[in-house]
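Okay, here's what each chain looks like letter by letter:
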Amino acid sequence: LLWTLTDNLFPEVGIRKKVYGAFHWGRKQAVLELHRRHDDDEPIPDPDEFTQIWINETLKYTPSVPMQLLTKLFHTLIEAGVVIPLIIVYEDGPPPPNWVLVRQTIGEDYVPPPPPLSFASSSITPPSGGNNAWQQWKDGKDGKDGKWGKG
């Protein structure tokens with residue numbers, strides 16, 4: 001279901017894969033926390049806490065995408081009943097549709113992280129001279145007489 005949803009919401013392959021990976025990672029971390037607490041005889045997370053862990057861990061690795069799409073994806077997965085483990089749902093019941101906790105956890109002021117730098121499309125160019133520039137400096141032919149800084 002996650003792949004189908006990300007495929008429909010994010011047409012760009014690179015973004016789709018990153019969103020899928022972030023959502024998968026976030027849920028995995030929430031489940032690991034559930035198991036850790038169970039193994040340590042601590043109370044397991046309730047639906048609110050499990051969902052908050054999942055969302056917060058997901059957002060750490062989510063690429064720059066609009067909050068509305070993230071919210072829609074979180075709501076759809078939660079309402080499909082495939083995210084929150086049955087042991088938690090059995091104890092506390094399923095969360096309500098359009099659960100306000102999702103938007104609160106993402107945050108009204110959510111600002112997606114900036115896209116990663118891409119030197120392929122930037123105006124940054126490597127220094128001229130390439131390896132030859134080093135040889136010119138070493139031989140004193142660059143006007144600096146083999147010294148750093150101004151010659």
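Before any of the text, the structure's been laid out above.
A brief report on the enclosed structure follows. Not measured: the values here are computed from a predicted model.

Reading the values: the criteria
Residues numbered from 1 in each chain as written. Predicted model: local features only at pLDDT ≥ 70, side-chain atom pairs only at ≥ 80, totals over all residues. Heavy atoms only, no water. Helix = DSSP H or I, 4+ residues; strand = E, 2+ residues; numbered from the N terminus. Buried < 20%, exposed > 50% of the residue type's maximum accessible area, 1.4 Å probe, protein only. Contact = heavy atoms within 4.5 Å. Phe/Tyr/Trp six-rings, centres within 6.5 Å; stacked < 30°, edge-to-face > 60°. Axes fitted to C-alpha atoms, helices over the stretch in contact; angles between N-to-C directions. Left-handed = near helix turned anticlockwise from the far one by under 90°. Nonpolar A, V, L, I, M, F, W, Y, C, P; charged D, E, K, R; others polar.

So, on to the overall build of the chain. In terms of helices and strands, the chain carries 7 helices and 0 strands. Secondary structure of the chain in N-to-C order comes out as α-α-α-α-α-α-α. Taking all 151 residues of the chain together, 33% fall into the buried category. Within the chain, residue pairs in contact and separated by at least 24 positions form 69% of the contacts whose partners lie at least 6 positions apart.

Using the criterion set out here, one finds 5 aromatic pairs in the structure. A ring pair is formed by Phe23 and Phe74, whose centres lie 4.4 Å apart and whose planes are at 35°; its orientation type is tilted. Residue Phe23 is located in helix 2 (residues 13-39), and its partner Phe74 is located in helix 4 (residues 67-79); the two are separated by 51 residues in the primary sequence. With a relative accessible area of 1%, Phe23 lands in the buried category.

Turning next to the packing of helix 1 (residues 2-9) against helix 2. Following both chains from N to C, one finds helix 1 and helix 2 inclined at 145°, their axes separated by 9 Å at the closest point. Seen from above, helix 1 lies across helix 2 with right-handed handedness. The segment helix 1 lies against helix 2, with Leu2, Trp3, Thr6 and Asp7 engaging Arg16, Lys17, Val19, Tyr20, Phe23 and His24. A per-class count over the contact of helix 1 with helix 2 returns 5 nonpolar, 2 polar and 3 charged.

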